[in-house]
Amino acid sequence: MIITVTMNPAADKTVEIESLKRGGLNRIRKAEWDAGGKGINVSKTISELGMETTATGFLGGNTGREIEKYLREKGIRSDFVAVDGETRTNTKVFEDNGMVTELNEPGPYITAAQEEELLKKLEGYAGEGVLFVLSGSLPMGINTDIYARIIEMVHKKGAEVLLDADGEAFRKAVQYRPEIIKPNKEELAQYAGVPEFSSAIETAKAAEALTDAGVGMAVVSMGAEGAVFLEKGNRIFCPAIPVKACSTVGAGDAMAGALAYAWENGMGMEDKIRLCMAVSAGAVTTQGTKPPSKELAEALKSRAVFTFLG
Ligand SMILES: Nc1ncnc2c1ncn2[C@@H]1O[C@H](COP(=O)(O)OP(=O)(O)OP(=O)(O)O)[C@@H](O)[C@H]1O
Ligand SMILES: O=P(O)(O)OC[C@@]1(O)O[C@H](CO)[C@@H](O)[C@@H]1O
């Protein structure tokens, strides 16, 4: 069973304009709506691959109800804590030159009682064979140790964790040794205290510091460059599968969804990597933050190329 946790979900409004005029009137050519937030995107991907998943976190207001309706229609079980404020709307502005500007709202304030209610829910789901996916930013009111606390709590009941976070929340949580982490290269560089990595091997070495310290598997996504996979002493680099890019927003969540699906199905390393590369490349070809169809992901799998790094 895979439980995704989205502390700060969002309605994603993807808009297309010719070119963004700062300080001027911008006419939108086309707008697209998606239920989003990182964990919800992970659930969307897992469901598209044909596996059941439950989405949890905090939802509020009309936007929260719209997101629940969307999940219901997609056959994704939702079990969110209701909050007083309105779930945020995040606007993604796509220009014809390929530039993407993201405007993410802060989201509603979460009270201590609401946080407690979510923790109780998660504890109720925890057990052997359960994988929790913790991803995305934290809303106001939630302390940066929340992911660390959840990992400690669910590990005690035999559950496993895939973590996709950044900043302080990531730094604190990795100390509790999640089974899988999926930072992107900027998030890992921030953790490592360097401005950027100059190569895949440098990226792999930085991630290895975490697997050496007890994290089970690390996948570092590198956008259009590809991804680095570290598992059981192997360092593997895969260039991104070339596709016609439509929207790269949410590609990392699609990859995390594929990773969670592969992990829960006990897939071997090669199949797992192929699926991650195919699903994330497929996600780039869809509009907004929609995952690719299972058929597209299957068709792209054979195009993943592996390089073992020394
Ligand atoms: N232009 C692209 N073409 C093909 N594949 C891509 C492209 N951009 C991203 N990908 C695939 O998607 C994966 C995840 O991308 P990225 O590193 O941008 O994730 P992210 O920063 O976590 O994204 P997000 O937070 O928006 O979900 C990459 O490792 C790669 O496999
Ligand atoms: O503000 P956060 O939680 O960092 O990111 C939220 C978000 O940008 O991430 C997803 C894409 O990865 C979108 O669905 C959503 O709007």
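Residues numbered from 1 in each chain as written. Chains lettered and ligands numbered in written order. Predicted model: local features only at pLDDT ≥ 70, side-chain atom pairs only at ≥ 80, totals over all residues. Heavy atoms only, no water.

Looking at the nonpolar core
- Within the largest apolar cluster, 47 residues are counted, with the highest numbers of intra-cluster contacts made by Phe132, Leu134, Tyr147 and Leu163.
- Here the element with the most residues in this core is helix α4 (residues 146-156); it accounts for six residues.
- When residues no more than four places from it in sequence are discounted, the contact partners of Tyr147 are Met7, Leu134, Ser135, Gly136, Ser137, Leu138, Leu163, Ala165, Ala169 and Ala173.
- Counting 35 residues, the second largest nonpolar core, distinct from the first, contains Ile2, Leu131, Ala260 and Leu300. (Core = buried A, V, L, I, M, F, W, Y, C linked by side-chain atoms within 4.5 Å. Buried < 20%, exposed > 50% of the residue type's maximum accessible area, 1.4 Å probe, protein only. Helix = DSSP H or I, 4+ residues; strand = E, 2+ residues; numbered from the N terminus. Contact = heavy atoms within 4.5 Å.)

Focus: unusual backbone geometry
- Not every positive phi belongs to a glycine, and Arg177 is a case in point at roughly 50 degrees.
- Positive phi values are uncommon outside glycine, yet Lys232 reaches one of about 45 degrees.

Quick word on the site of ligand 1
- Of all residues adjacent to ligand 1, which total 23 residues, the nearest are Asn184, Ser221, Gly223, Gly226 and Ser280.
- In this structure, Lys38 approaches ligand 1 through a side-chain N or O atom, which is 2.9 Å from an oxygen atom.
- One of the backbone N or O atoms of Gly252 is found 2.9 Å from an oxygen atom in ligand 1.
- For ligand 1, whose accessible area on its own is 640 Å², the fraction buried by protein is 86%.
- Looking at the shell around ligand 1, the elements with two or more residues in it are β12 (226-231), α8 (251-264) and α9 (269-284).
- Within the shell around ligand 1, the residues separate by chemical class into twelve nonpolar, eight polar and three charged. (Near = heavy atom within 4 Å. Polar contact = N/O pair within 3.5 Å; in protein donor to acceptor, adjacent residues only side chain to side chain. Areas by Shrake-Rupley, 256 points an atom, 1.4 Å probe, with all protein chains shown as cover. Nonpolar A, V, L, I, M, F, W, Y, C, P; charged D, E, K, R; others polar.)

Overview of the sheet that holds strand β5 (residues 77-83)
- Spatial strand order, β5-β4-β1-β8-β9-β10-β11-β12-β13-β14: ten strands in an open sheet with mixed pairing. One side of each edge strand has no neighbouring strand; the edge strands of this open sheet are β5 and β14 (307-308).
- Here strand β1 (residues 2-6) pairs with strand β4 (residues 53-60) via five bridges, running parallel. Opposite Ile2, over in β4, you have Thr53 as the bridge partner.
- Sheet strands in contact with α4 are β8 (131-135) and β9 (160-164), and its direction is about 180 degrees off that of β8. (Pairing = 2+ DSSP bridges. Axes fitted to C-alpha atoms, helices over the stretch in contact; angles between N-to-C directions.)

Observations regarding the site of ligand 2
- Taken together, 16 residues sit near ligand 2, with Asp12, Lys38, Lys92, Ser137 and Asp253 positioned nearest.
- Asn90 is positioned such that a nitrogen or oxygen atom in its side chain is 2.9 Å from an oxygen atom of ligand 2.
- Between ligand 2 and Ser137 there is a distance of 2.8 Å, counted from an oxygen atom to a side-chain nitrogen or oxygen.
- Coverage of ligand 2 by the protein amounts to 88% of the 400 Å² it exposes when considered alone.
- At the level of secondary structure, the elements contributing two or more residues to the shell around ligand 2 comprise α1 (38-48) and β6 (88-95).
- Per-element accounting of the shell around ligand 2 gives the leading share, three residues, to β6.
- Class assignment for the residues of the shell around ligand 2 results in one nonpolar, nine polar and six charged.

A few points about the sheet that holds strand β3 (residues 30-36)
- Across the sheet, which stays open at both edges, the four strands sit in the order β3-β2-β6-β7 with mixed pairing between neighbours. Each edge of the sheet is formed by a strand with only one pairing partner; in this case those strands are β3 and β7 (100-103). Direction aside, neighbouring strands of the sheet carry axes that sit 20 degrees apart on average.
- As paired strands, strand β2 (residues 10-17) and β3 are joined by seven bridges and run antiparallel to one another.

Describing the side chain of Asn90
- Structurally, the position occupied by Asn90 is in strand β6.
- Overall, Asn90 belongs to the buried group, its relative accessible area being 2%.
- In this structure Asn90 touches Ala10, Ala11, Asp12, Lys13, Leu103, Asn104 and Glu105, once residues within four positions along its chain are discounted.

A word on the UniProt feature "domain: Carbohydrate kinase PfkB" (unreviewed entry) in the protein chain
- Listed under "domain: Carbohydrate kinase PfkB" (unreviewed entry) in the UniProt record, and renumbered for this structure, are residues 16-293.
- Taken end to end, residues 16-293 comprises 39% helix and 23% strand; its first and last C-alpha atoms sit 23 Å apart. (UniProt positions renumbered as here; feature names shortened; annotations may be inferred.)

Notes on the pairing of β7
- As paired strands, β6 and β7 are joined by four bridges and run antiparallel to one another. Among the inter-strand pairings, Thr91 is bridged to a residue of β7, identified as Leu103.
- Hairpin connection from β6 to β7: four residues lie between these consecutive antiparallel strands, with Gly98 at a positive phi of about 95 degrees.

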